[in-house]
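# Coordinates in review
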Amino acid sequence: MNEEVTQSASGAAAARAEVRVKPLSDNAFLAFFQKIWRWWLGVWYGFADKHPKGSKLIQQFAVMFLFSNLVTIFQALIMIFLPYAFQEIWDVPFVWPAVALPWQDAAGNALNYAIFNEPVKFLLGNDTFIASTPEQVQQYMDLGYELQMSGLGNFIAFEIATFLAQCINFPLQRNITFKSKGNPVVQGIWYFIGWIAISVGVNAIWGIMNPIMMWWNWNEAVIAIIKTVLTGGVSVVIFFFIFLVIFPDQQKLADKAAKKAEALKNSGAAAEEIAAAEAKAVELAENAKLEAARKEALVSDSAANSRAVSWEASKKMLEKMKSEGKSEEDIAAQEKIVADKYNQALEAAVKRDEAIAANEAAIREVEAARAARA
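This write-up is about the structure you can find in this document. Given the structure is predicted, the values throughout are model-derived calculations rather than measurements.

## Some remarks on the pairing of strand E6 (residues 127-131)
Of the strand pairs in this sheet, strand E5 (residues 120-124) and E6 are connected by five bridges, and their pairing is antiparallel. Paired with Leu-124 across the two strands is Asp-127, which belongs to E6. Linking E5 to E6, which pair antiparallel, is a turn of two residues; within it Gly-125 sits at a positive phi near 70°.

## Details of the side chain of Asn-112
Looking at where Asn-112 falls in the secondary structure, it is placed in strand E3 (residues 110-113). Here Asn-112 falls in the buried class, since its relative accessible area comes to 15%. Polar contacts involving the side chain of Asn-112 include one to the side chain of Ser-132, which spans 3.3 Å. If sequence neighbours within four positions are ignored, Asn-112 has contacts with Ala-98, Val-99, Ala-100, Leu-101, Asn-117, Ser-132, Gly-207 and Pro-211.

## Examining unusual backbone geometry
That bond from Trp-96 to Pro-97 is cis: its omega, 5°, falls within 30 degrees of zero. For Pro-97, the position within the fold is in the loop between strand E1 (94-96) and strand E2 (99-104). Residue Ala-98 is not a glycine yet carries a positive backbone phi of 55°. Of note, Lys-179 is a non-glycine position whose phi angle comes to about 45°, a positive value. A relative accessible area of 31% places Lys-179 in the partly exposed class.

Scoring rules and cut-offs
- Residues numbered from 1 in each chain as written.
- Predicted model: local features only at pLDDT ≥ 70, side-chain atom pairs only at ≥ 80, totals over all residues.
- Heavy atoms only, no water.
- Pairing = 2+ DSSP bridges.
- Helix = DSSP H or I, 4+ residues; strand = E, 2+ residues; numbered from the N terminus.
- Buried < 20%, exposed > 50% of the residue type's maximum accessible area, 1.4 Å probe, protein only.
- Polar contact = N/O pair within 3.5 Å; in protein donor to acceptor, adjacent residues only side chain to side chain.
- Contact = heavy atoms within 4.5 Å.

What follows is the structure, encoded as structure tokens:
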């Protein structure tokens, strides 16, 4: 088997490469989840090798989705207490544009189309009553109905909580998910514009869907699920494509800077302006080179470890089959699997060593170039 492996992964690099497995934790509980994680890495890197662009988008979307849900939880926690800070204006309806619809809900409440729809809610027994105008509010208050958390006070609290959540979400998505180095002020402005546009657009759609479902007397839990999918899921998908535009990677920034410098030269701009643009383009190109080399080293190291784990697992299976007295055909087939797994692990180890060396070389090269310019 060793001769077969040597022929499959020949060369000086393969001869120097070492297939090694990082040890599992001594804690059995942690080791169990480490095994699952390593299995998943094997599946993921196999897919990433075949679909590099698709895997990058999937990974970015998954991280973005995780952060979006975390900040949503943060927002929900704030909404537990923040509306009470505006309790004095719970009885002020905020319904705009308040277009009357020819429908009523099960309790006989008139329904409206509104982009911003925060009517005042009252409770009597198990029934909820909605007041969309000050006159209706006064009517229910005179009848002694119980005022609920709603109205303008709830709307202001929700918008504050949402804004605070976006203040957390923006740096997470920019710095971790997309690792962008663009202008944070410009990106922040575009993020804010995108958030406003999506919020208004989704509310406009919900403004017609909600009255229809209330008119049909749908279950409140079903309506809540649909609202979550619309306001949460759809918004996340739209935001993802916005992020791809406002959070370009290092290489795109470098390419853009290079085009700008070239355009300045062609336009006959001042020498100082051209020199500044070229220096910026060089700096961004170096940043892109460092980031690409660093990322390749990290990915290759993880992939090599995953392939090594898979090879170790196949060896253990072979030993088990021999101890159980399996047939020679089955054992021969498993030996072939072990050899294939080792070849894959060795190739991954070669890529790992090459990527680590390339990363170190890129760092030295950039540092030397910047030292020479200083």
